[in-house]
Amino acid sequence: MELSLSHSSLGISAVNPHCKASSCQPKAIPSKLNGKLLDLSFKCFKNGVSVGLYSQSSCSKHVPTRQFKRNSIWACSQVGAAGSDPMLNKISTFKDACWRFLRPHTIRGTALGSVALVARALIENSNLIKWSLLLKAFSGLIALICGNGYIVGINQIYDIGIDKVNKPYLPIAAGDLSVQSAWLLVIFFAVTGLLIVGYNFGPFITSLYSLGLFLGTIYSVPPFRMKRFPIAAFLIIAMVRGFLLNFGVYYATRAALGLPFQWSAPVAFITTFVTLFALVIAITKDLPDVEGDRKFQISTLATKLGVRNIAFLGSGLLLVNYIAAVLAAIYLPQAFRRGLMIPAHIFLALCLIFQAWVLEQANYTKEAISGFYRFIWNLFYAEYAIFPFI
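Just so you know, these numbers come straight off a predicted model, no measurement behind them.

## A few points about the overall build of the protein
- Counting secondary structure elements, the protein contains 16 helices and three strands.
- Across the 390 residues that make up the protein, the buried fraction comes to 45%.
- For the protein, the share of sequence-separated contacts (at least 6 apart) that also reach a separation of at least 24 residues comes to 72%.
- For the protein, the computed accessible surface area is about 21,300 Å², with 67% contributed by carbon and sulfur atoms.

Here it is as structure tokens:
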């Protein structure tokens, strides 16, 4: 259907190749509808958006089809949103703010880590697998996500000023989530996580979970605010995301299978590997935040040593990790699958070297630094993805 707008009237004509010319004359639109469409078109033109209505003079220039469709769809969605239920809009906005509040990239790391460790424990003891364990494993995953939400949430509450400079898209800094709502969420996450763990996994795992929450608290909350001190901050992140997560999940899984805890070579490897990896994440996470950290006098290695040096340091530590993984597969063939472990880690190491080169060529712009940091998280996910099979 083609819509055409003359200087004083609007007409609609249907293009049908099978109709005669005499029967295909444009039919007039009732004046009431005509007025509404004109009013809609003028409002959209005022905002600089095309909605598929155009004047004869404006049609002399070619408009790219993709751009035309995109603008048309956007305008239709705005018109539809204006007439939708305000309560549904509020719920949708709050849901989006809560999702950003949880920092999805950290949730993916937590979820992948827990699934990989559980899978490894089940692979090692496949004769003990019971379907009833799935519900327990799922409850453990929910508890870990709650703990993750508490730690990243309370950090945002106390970092509002810094986030307005470094991460203005976060919900509290952007004004999409009030501080009061944020407090309610972090309290909910902490209480829910503790209740799930206490009910399902016993006192030892509950104490480990509580230790993780405590470390996350002193990392962000005054007067401790250990994130001000680079070494302490690195150790806390490495402990929580490295040792506590991997050891705790594997221990809990073996306990659920009715087995005592026992280190295996692959689990010892992933715990060591991810602890060092978490240290690299702790070092490089400050790379995109240098501007805000300097403004608020937050001392980090990135502000002290410079972005380029820290990027090289983080890349070097990860390369040590990958070299160690290859050597472990060579010298412990009975514990690892060489055919997967060696080529996979060589490939990931080469990808890291390439991304470091890309960052160097981009002259360490803020966009390039953010991309490099996201790539490091992708390497983190990749390690957990291959872990059950090595």
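## Digging into the confidence of the model for the protein
- Looking at the protein as a whole, its pLDDT mean stands at 81, while 78% of the residues score no less than 70.
- Taken as a whole, residues 1-82 scores under 50 in pLDDT and shows 55 contacts with residues more than four places along the chain or in a different chain.

## Overview of unusual backbone geometry
- That bond from Pro222 to Pro223 is cis: its omega, 5°, falls within 30 degrees of zero.
- Following the sequence through the fold, Pro223 ends up in the loop between α9 (202-220) and α10 (230-256).
- Look at Arg103: it is not a glycine, yet its phi comes out positive at around 55°.
- Inspection of the secondary structure assignment puts Arg103 in the loop between α3 (86-101) and α4 (104-124).

## Considerations on the packing of aromatic side chains
- Taken as a whole and judged by the stated rule, the model has 20 aromatic pairs.
- Considering the side-chain rings of Phe204 and Tyr251, the 4.8 Å spacing of their centres and the 55° angle between planes classify their relative orientation as tilted. Taken as a pair, Phe204 in helix α9 and Tyr251 in helix α10 lie far apart in primary sequence, 47 residues in all.
- Classification of Phe204 as partly exposed rests on a relative accessible area of 37%.
- With a relative accessible area of 26%, Tyr251 lands in the partly exposed category.
- Taking the centre distance of 5.8 Å and the plane angle of 45° together, the rings of Phe247 and Tyr251 count as tilted. Of the two residues, Phe247 and Tyr251 both sit in helix α10, four residues apart, roughly one turn of that helix.

Criteria and thresholds
- Residues numbered from 1 in each chain as written.
- Predicted model: local features only at pLDDT ≥ 70, side-chain atom pairs only at ≥ 80, totals over all residues.
- Heavy atoms only, no water.
- Helix = DSSP H or I, 4+ residues; strand = E, 2+ residues; numbered from the N terminus.
- Buried < 20%, exposed > 50% of the residue type's maximum accessible area, 1.4 Å probe, protein only.
- Contact = heavy atoms within 4.5 Å.
- Areas by Shrake-Rupley, 256 points an atom, 1.4 Å probe, with all protein chains shown as cover.
- pLDDT = per-residue confidence, 0-100.
- Phe/Tyr/Trp six-rings, centres within 6.5 Å; stacked < 30°, edge-to-face > 60°.

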